[in-house]
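Spelled out, the chains give:
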Amino acid sequence: MTGADIGGFADDVTEELLIRWHQLGAWYPFCRNHNSKDSIDQDPASFPDAFDRIKTAIEIRYELLSYWYTHFVLSNNSGRPIFRATIHNFPNDQNILKDNEFDEHFTQFMIGDSILIAPVVIEGATSTKVYLPTETKWFKHFQNSYTIVGNGIQDVNVPLDELPYFVKAGTVLFKQKSGQTTTDRVMEPIHIEILPNEDHKANGYILLEPGEPELTEHGQLYVSFDYDSIEISYYGLFNVRGNGEKVEL
């Protein structure tokens, strides 16, 4: 688990870079705004024009809380990192392997198996380049919707309002909204986002720890979800018990 101090610890951050840093930092495994007492205040509320944009970045993180939790557990069990270089998930991609300066050309990284981020890190920039590995198609998430964007090198428009993220085709994402705390949010209904590949198939998995630990015998709920354009199937360990509590899919 790692993450730099969002906004920077020393010296003063500008409003624009504070927004960009939060858009990046919302994808750190450890996400925290932190600075020295000798620097200006950099809480989002200290920059009124930045507040809504920073809130959007944090909301995107919390919508995917179950994705984070699942990959934290998998990382603990397997040793694989959550925050990954693109080559980690695509070790045979020749376009990455032959570019000795890939990390200088692209700012991108991946979270878990399926999500790719390409942050803007230069003040005044409103676009960036991203390389989407060619063995699969990709979807771009922007303003609450997903559009297919193909693969290869892409020029991406990145307005100050929101940082797009990319999802590997063939992925099922589990998202939750509402709730001001993680306990509140994990008890909200789960929205299933199906992003099929060229064969019209997709799969995903979710590992949850309900807000009330006594609801499950082992404290966790695991579901694997498969889609093939004709039918939807799921299997897992439910173990839910309590006063009328139940799992609905």
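If you're wondering where the values come from, they're calculated on a predicted model, not measured in any experiment.

Asks: What should I look at first to understand unusual backbone geometry in this one?
Replies: Among all residues except glycine, the phi angle is most often negative; among peptide bonds, the trans geometry is most common. For Asn144, which is not glycine, the phi dihedral falls at a positive 65°. As for its position among the elements, Asn144 is in the loop between β5 (138-142) and β6 (145-150). Overall, Asn144 belongs to the exposed group, its relative accessible area being 60%. Even without a glycine there, the phi angle at His200 is positive, about 60°. Looking at the secondary structure, you find His200 in the loop between β10 (191-195) and β11 (202-208).

Asks: Honestly, empty space enclosed by the protein in this entry has me stumped. Any pointers?
Replies: One simple way to see leftover space: roll a probe sized like a water molecule over the atoms. According to the stated counting rule, one finds 1 cavity of 30 Å³ or more in the structure shown. Its boundaries defined by the atoms lining it, the largest cavity holds a volume of some 80 Å³. Every residue along the wall of the largest cavity is listed here: Gln23, Ala26, Trp27, Arg53, Thr56, Ala57, Ile60, Arg61, Asp161, Glu162 and Leu163. Broken down by element, the lining of the largest cavity gets its largest block of residues, 5 residues, from helix α2 (residues 48-63).

Asks: I would appreciate a short explanation of the packing of aromatic side chains in the present structure.
Replies: The geometry of an aromatic ring pair comes down to the distance between the two centres and the angle between the two planes. Scanning the model with the defined rule gives 10 aromatic pairs in all. With 6.1 Å between their ring centres and 90° between their planes, Phe102 and Tyr131 make a pair best called edge-to-face. Of this pair, Phe102 sits in helix α6 (residues 102-105) while Tyr131 sits in strand β4 (residues 127-132), and the two are 29 residues apart along the sequence. Look at Phe106 and Tyr131: their rings are 6.5 Å apart centre to centre, the planes differ by 50°, and that puts the pair in the tilted class.

Asks: Looking at this structure, how should I read the confidence of the model for the protein?
Replies: Should the pLDDT be low somewhere, the predicted coordinates at that spot are not to be read in detail. When pLDDT is averaged along the protein, the result is 83; 86% of the residues meet or exceed 70. A low-confidence stretch, residues 239-249 (pLDDT under 50), is modelled with 20 contacts involving residues beyond four sequence positions or located in other chains.

Asks: Would you explain the packing of helix α1 (residues 15-25) against α2 in this entry?
Replies: For any two helices packed against each other, the geometry comes down to the angle between their axes and how far apart the axes lie. Packing of α1 against α2 brings their axes to within 9 Å, and their N-to-C directions diverge by 5°. Relative to α2, the element α1 is oriented roughly parallel. For the pair α1 and α2, the contacting residues are Glu15, Leu18, Ile19, His22, Gln23 and Gly25 in the first and Asp49, Ala50, Arg53, Ile54, Ala57, Ile58 and Arg61 in the second. Here the contact of α1 with α2 is built from residues that sort into 6 nonpolar, 3 polar and 4 charged.

Asks: I keep staring at the nonpolar core and nothing clicks. Help me out?
Replies: Nonpolar side chains tend toward joint burial in soluble globular proteins. Within the largest apolar cluster, 32 residues are counted, with the highest numbers of intra-cluster contacts made by Trp27, Leu64, Ile111, Ile115, Ile117, Tyr165 and Leu173. Other than its neighbours up to four places away in sequence, Ile117 contacts Trp27, Thr107, Gln108, Phe109, Ile111, Leu163 and Tyr165. Membership of the second largest hydrophobic core comes to 8 residues, among which are Val172, Ala202, Leu221 and Phe225.

Asks: Quick question: what am I supposed to make of the pattern of salt bridges here?
Replies: For side chains of opposite charge, pairing can occur when their charged atoms come near one another. Scanning the model with the defined rule gives 6 salt bridges in all. Glu63 is the partner of Lys175 in a salt bridge, and the nearest nitrogen-oxygen pair spans 3.6 Å. Here the residue Lys175 occupies a position in strand β9 (residues 171-175), and Glu63 occupies one in helix α2, the gap between them amounting to 112 residues. When its relative accessible area of 6% is taken as the criterion, Lys175 is described as buried. One salt bridge in this structure joins Lys129 and Asp155, with 2.8 Å as the shortest N-O distance. Here Asp155 lies in strand β7 (residues 152-157) and Lys129 lies in strand β4, a separation of 26 residues in the sequence. Residue Lys129 is classed as partly exposed on the basis of its relative accessible area, which comes to 42%.

What counts and what doesn't
Residues numbered from 1 in each chain as written. Predicted model: local features only at pLDDT ≥ 70, side-chain atom pairs only at ≥ 80, totals over all residues. Heavy atoms only, no water. Helix = DSSP H or I, 4+ residues; strand = E, 2+ residues; numbered from the N terminus. Buried < 20%, exposed > 50% of the residue type's maximum accessible area, 1.4 Å probe, protein only. 1 Å grid on protein atoms, 1.4 Å probe; cavity = no way out; pocket = protein on both sides within 12 Å on 5 of 7 lines; lining within 4 Å. Points joined across faces, edges and corners; volume = space filled by probe spheres on them. Phe/Tyr/Trp six-rings, centres within 6.5 Å; stacked < 30°, edge-to-face > 60°. pLDDT = per-residue confidence, 0-100. Contact = heavy atoms within 4.5 Å. Axes fitted to C-alpha atoms, helices over the stretch in contact; angles between N-to-C directions. Parallel < 35°, antiparallel > 145°, perpendicular 65-115°, else oblique. Nonpolar A, V, L, I, M, F, W, Y, C, P; charged D, E, K, R; others polar. Core = buried A, V, L, I, M, F, W, Y, C linked by side-chain atoms within 4.5 Å. Salt bridge = Lys/Arg side-chain N within 4 Å of Asp/Glu carboxyl O.

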